[in-house]
Amino acid sequence: MSRVLLIEDDPSVREGVELGLRRRGHEVRAAATGEAGLAAMAEFRPDLLLLDLMLPGMNGVQVCRRVRERSQLPIIMLTARGDDFDVVIGLEAGADDYIVKPARTEVIEARIRAVLRRLDDGGAGRPDIEVHGELTIDRVGLTVAKAGRPLALAPSELKLLLHLSAAPEQVFSRQQLLEHVWDHSYHGDARLVDACVARLRGKIEDQVGSPRYVQTLRGFGYRFGPL
């Protein structure tokens, strides 16, 4: 199973999540502060970071930004109800998903599995390597380059790009993208999609305000191209 680094300052939540994930076969390292969690990353080498939004000292958003400076490690943020503003900031900082506390262990594990699931781009029958303008997408190697320069994409950003580019010009609603990219089968939070689109555009577009690749059709959703 996966190696999960949990950064959570509430002892009861930390112990409950850690115990629940261990019982399901995950290897878990827990830390009570952002500073301690960052210090544990190099030694523990987690597959995923489960990160509380509200931490003493260095908060979850700051931790997320620090991680994203050097790694595309999958990040799921834990947040209390009512932290809507902080959720948006966390997603903009690079989190792949978020969970509202309190949450059952099976819910947390399902989100972990969804984020870690091998990328399925839905592009069966398509070339292994595609060139779209300055973008080169390797669907086997799961890499993306722009003008020959490799791009560091977080898991949700890569999944979103692979899904949209597999069907150029097809418009996908936010709900469709939540289902296909995040595996959220219920009526999910469109902020996940919008924040991920904004981050992806910041990496692949020449002009974020006039996107060439990931385009918005107001009232309908997003599409890839036409170029």
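About the cut-offs
Residues numbered from 1 in each chain as written. Predicted model: local features only at pLDDT ≥ 70, side-chain atom pairs only at ≥ 80, totals over all residues. Heavy atoms only, no water. Pairing = 2+ DSSP bridges. Helix = DSSP H or I, 4+ residues; strand = E, 2+ residues; numbered from the N terminus. Contact = heavy atoms within 4.5 Å. Axes fitted to C-alpha atoms, helices over the stretch in contact; angles between N-to-C directions. 1 Å grid on protein atoms, 1.4 Å probe; cavity = no way out; pocket = protein on both sides within 12 Å on 5 of 7 lines; lining within 4 Å. Points joined across faces, edges and corners; volume = space filled by probe spheres on them. Nonpolar A, V, L, I, M, F, W, Y, C, P; charged D, E, K, R; others polar. Domains from an automatic or database assignment. Buried < 20%, exposed > 50% of the residue type's maximum accessible area, 1.4 Å probe, protein only. Arc of directions from axis to C-beta. Buried area = accessible area lost by both parts, 1.4 Å probe. Salt bridge = Lys/Arg side-chain N within 4 Å of Asp/Glu carboxyl O.

## Description of the sheet that holds strand 9 (residues 149-150)
- With antiparallel pairing, the four strands of this open sheet are ordered in space as 6-7-8-9. The outermost strands of the open sheet, each flanked by one partner alone, are strand 6 (129-132) and strand 9.
- The pairing of strand 7 (residues 135-138) with strand 8 (residues 143-146) spans four bridges and is classified as antiparallel. In the sheet register, Ile137 faces strand 8, and the bridge partner there is Val144.
- Taken strand by strand, helix 6 (residues 155-165) contacts strand 6, strand 7 and strand 8, and its axis lies near 100 degrees from that of strand 7.

## Side note on empty space enclosed by the protein
- Per the counting criterion, the structure on display carries one cavity of 30 Å³ or more.
- In this structure, the largest cavity encloses a volume near 70 Å³.
- Contributing to the lining of the largest cavity are Asp96, Asp97, Ala114, Val115, Pro155, Ser156, Lys159, Val181 and Trp182.
- Among the secondary structure elements, those contributing two or more residues to the lining of the largest cavity are helix 5 (105-116) and helix 6.
- It is helix 6 that provides the largest number of residues to the lining of the largest cavity, a total of three residues.
- Looking at side-chain class alone, the lining of the largest cavity contains five nonpolar, one polar and three charged residues.
- Summarising the domain contributions, the lining of the largest cavity has at least three residues from each of domain 1 (3-116) and domain 2 (129-224).

## Side note on the pairing of strand 7
- Taken together, the four bridges between strand 6 and strand 7 define a ladder with antiparallel strand orientation. In the sheet register, Glu130 faces strand 7, and the bridge partner there is Ile137.
- In this antiparallel pair of consecutive strands, strand 6 and strand 7, the connection spans two residues, and Gly133 shows a positive phi of 60 degrees.
- Taking the residues between adjacent antiparallel strands as the criterion, strand 7 and strand 8 are bridged by four residues, where Leu142 takes a positive phi near 55 degrees.

## Observations concerning helix 2 (residues 34-44)
- Buried residues of helix 2: Gly34, Gly37, Leu38, Ala40, Met41 and Phe44, and no others. An end-on view of helix 2 places all buried positions within 165 degrees of arc, on one side of the element. Exposed side chains of helix 2 directed beyond 90 degrees from the buried face belong to Ala39, Ala42 and Glu43.
- Each element contacted by the buried residues of helix 2 is listed here: strand 1 (3-7), strand 2 (27-31) and helix 3 (60-68).
- Where helix 2 ends, the next residue or the one after it, Arg45, has phi of about 50 degrees, a positive value.

## Side note on the domain arrangement of the protein chain
- According to the domain assignment, the protein chain consists of domain 1 (3-116) and domain 2 (129-224).
- If you average the C-alpha positions of domain 1 and of domain 2, the two centres end up 24 Å apart.
- Listed per partner, the contact involves 16 residues of domain 1 and 16 residues of domain 2.
- Between domain 1 and domain 2, roughly 1300 Å² of surface is buried when both sides are summed, and carbon and sulfur atoms account for 49% of that area.
- Three residues stand out in domain 1 for area buried against domain 2, namely Gln72, Leu91 and Asp96, and they jointly supply 40% of the buried area on that side.
- At the junction of domain 1 with domain 2, the criterion picks out zero salt bridges.
- No other element matches helix 4 (residues 84-93), which puts five residues into the side of domain 1 that touches domain 2.
- Residues of the side of domain 1 that touches domain 2, tallied by class, amount to eight nonpolar, two polar and six charged.

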